[in-house]
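# Fold and geometry: a report
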Amino acid sequence: MTNTTFDIGGDLRVNRLGFGAMRLPVSTLDGPTRTPENGIAVLRRAMELGVDHIDTAGFYERDAVRANELIRKALHPYRDGLVIATKVGPLRGPNGLPSGEAPPEGLRALVEADLRDLGLDRLDLVYLRVGGSLELGTGSIGDRFAALAELREEGLIRHLGVSNVDAAQLAEARAIAPVAAVQNNNDGDAGLLAACEAAGIAFVPFFPIGGGGRPLDAERLGKVASRLGATVPQVAIAALLASSPVALAIPGTGDLGHLEENQAAGGLELSDEDLADLRG
Ligand SMILES: NC(=O)c1ccc[n+]([C@@H]2O[C@H](COP(=O)([O-])OP(=O)(O)OC[C@H]3O[C@@H](n4cnc5c(N)ncnc54)[C@H](OP(=O)(O)O)[C@@H]3O)[C@@H](O)[C@H]2O)c1
């Protein structure tokens, strides 16, 4: 079984197969807004399936459907052991679209909004999310990460992460405060993964099953999928979990059938032959 556990920050134990909340309000950028009732049903089913790590953000919203509010409505009071990770950094304009990055002094308000929307006194894991929609952040992240580290010292945050960073930015952050998790695009950055492995930092790639406009390699994954009687997204999830003991999967969905399918991937066993085929 590929879905073993990982201790985020050394003390928050989660199944390495979690859940991404970005698709609760909408499946694709140009798709229709999903109903709150649908999101609540998906979240409650995720709990039944054993999900104990939800990745979300205050800016996962469409129209009036907001991921954090759905999480609170569906799951509060939260069960013991449920880890909710959020991200701060990007700002949104009045139309809800990205509109620049928050300055260091703007991060407190974003953290407080997440606390309020999720109904929590302390956030388990907060990533500083930098850069554009797809482009990595550039330049120093020191001032902004230091601002989040202060909020952690105050007790508003348990663990810190960084998202969309390069190796130099990860090193810069680690010199300021402990980094418990890195969340970057699922583009196989071996150097960043190695840095995470060496330091026991969770590596939590986004777009783990082909979201973000880069379709999965259906031929490579499909061969293993047909051997196992599994689907291509399931094999992508299992392959990610097999890639490193620090890799965490957060497949995103707002579809009940896809949720069931994705969570079932945690029970897949990959043989040496499967792993060789996945390496290509
Ligand atoms: N830090 C960052 O900058 C950043 C950026 C992007 C995402 N994220 C986080 O990473 C999580 C995962 O990324 P993601 O959701 O963008 O991409 P993803 O997990 O790679 O793919 C999600 C897309 O695939 C579809 N899908 C899900 N399960 C499926 C299945 N079994 N079969 C077919 N299609 C399926 C979803 O549609 P349905 O909803 O219709 O199933 C959605 O369109 C997000 O939810 C979010 O929490 C972080």
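Structural data are supplied above this passage.
Bear in mind that the values here come from a model prediction, so they are computed numbers and not experimental data.

Each value, and the rule that gives it
- Residues numbered from 1 in each chain as written.
- Predicted model: local features only at pLDDT ≥ 70, side-chain atom pairs only at ≥ 80, totals over all residues.
- Heavy atoms only, no water.
- Phe/Tyr/Trp six-rings, centres within 6.5 Å; stacked < 30°, edge-to-face > 60°.
- Buried < 20%, exposed > 50% of the residue type's maximum accessible area, 1.4 Å probe, protein only.
- Helix = DSSP H or I, 4+ residues; strand = E, 2+ residues; numbered from the N terminus.
- Pairing = 2+ DSSP bridges.
- Near = heavy atom within 4 Å.
- Polar contact = N/O pair within 3.5 Å; in protein donor to acceptor, adjacent residues only side chain to side chain.
- Nonpolar A, V, L, I, M, F, W, Y, C, P; charged D, E, K, R; others polar.
- Contact = heavy atoms within 4.5 Å.
- Axes fitted to C-alpha atoms, helices over the stretch in contact; angles between N-to-C directions.
- Expected span 1.5 Å × (residues − 1).
- Arc of directions from axis to C-beta.

### Quick notes on the packing of aromatic side chains
To describe a pair of aromatic rings, one takes the distance between the centres and the angle between the planes. Within the structure shown, the criterion is met by two aromatic pairs. Between Phe59 and Tyr60, the aromatic rings sit 5.4 Å apart at their centres with planes inclined by 80°, giving edge-to-face as the arrangement. Relative accessible area serves as the criterion here: at 15%, Phe59 is assigned to the buried category. Between Phe206 and Phe207 the ring centres are 4.9 Å apart and the planes differ by 90°, which places this aromatic pair in the edge-to-face class. Judged by relative accessible area, which is 12%, Phe206 ranks as buried.

### With respect to the pairing of strand 1 (residues 5-8)
Taking every second residue as pointing to the same face, the buried face of strand 1 carries Phe6 and Ile8, while none of Thr5 and Asp7 on the other face is buried. In terms of strand pairing, strand 1 meets strand 2 (residues 12-15) through four bridges, oriented antiparallel. Counterpart to Phe6 in the pairing with strand 2 is Val14.

### Brief notes about the site of the ligand
Near the ligand lie 28 residues; those nearest to it are Arg23, Asp55, Ile209, Thr253 and His258. Between a nitrogen atom of the ligand and a side-chain N or O atom of Gln183, the distance comes to 3.0 Å. Contact distances for the ligand include 2.5 Å between an oxygen atom and a side-chain N or O atom of His258. Here the element with the most residues in the shell around the ligand is helix 9 (residues 256-264); it accounts for three residues. For the shell around the ligand, the class distribution of residues is ten nonpolar, eleven polar and seven charged.

### Focus: the side chain of Asn262
With respect to the helices, strands and loops of the structure, Asn262 is situated in helix 9. For Asn262, the residues in contact, after removing those within four places along its chain, are Leu17, Ile209, Pro233, Ile237, Pro251 and Thr253.

### What to know about the packing of helix 2 (residues 67-75) against helix 3 (residues 107-118)
In contact at an axis separation of 8 Å, helix 2 and helix 3 are set at 35° when each is read in the N-to-C sense. Residues Asn68, Glu69, Ile71 and Arg72 of helix 2 form the contact with helix 3, whose participating residues are Asp114, Arg116, Asp117 and Leu118. Grouping the amino acids of the contact of helix 2 with helix 3 by side-chain chemistry returns two nonpolar, one polar and five charged.

### Here we look at the pairing of strand 7 (residues 83-88)
Counted residue by residue, strand 7 has six buried out of six residues, so it is predominantly covered. Taking every second residue as pointing to the same face, both faces of strand 7 are buried, with Val83, Ala85 and Lys87 on one and Ile84, Thr86 and Val88 on the other. Bridge count for strand 4 (residues 53-55) against strand 7 is three bridges, and the pairing is parallel. The partner of Ile54 across the bridge, within strand 7, is Ile84. Note: strand 7 against strand 10 (residues 123-129), four bridges, orientation parallel.

### Some remarks on unusual backbone geometry
Most of the time, phi is negative for any residue but glycine, and the peptide bond is trans. Cis geometry is found at the peptide bond from His76 to Pro77, where omega equals 0°. Here Pro77 is to be found in the loop between helix 2 and strand 7. Non-glycine residue Asp63 carries a positive phi angle of around 50°. Mapped onto the elements of the fold, Asp63 is located in the loop between strand 5 (61-62) and strand 6 (65-66). The exposed category is assigned to Asp63, whose relative accessible area is 62%.

### Quick look at helix 1 (residues 36-48)
Across its 13 residues, helix 1 extends 19 Å between first and last C-alpha, which sits within 8% of the 18 Å expected from 1.5 Å per residue. Within helix 1, the full set of buried residues consists of Gly39, Ile40, Val42, Leu43, Ala46 and Met47. In an axial view of helix 1, the angular spread of the buried residues amounts to 160°, which keeps them on one side of the axis. Turned more than 90 degrees away from the buried face of helix 1 sit Glu37 and Glu48, all of them exposed. Directly beyond the C-terminal end of helix 1, a positive phi value near 95° is found at Gly50.

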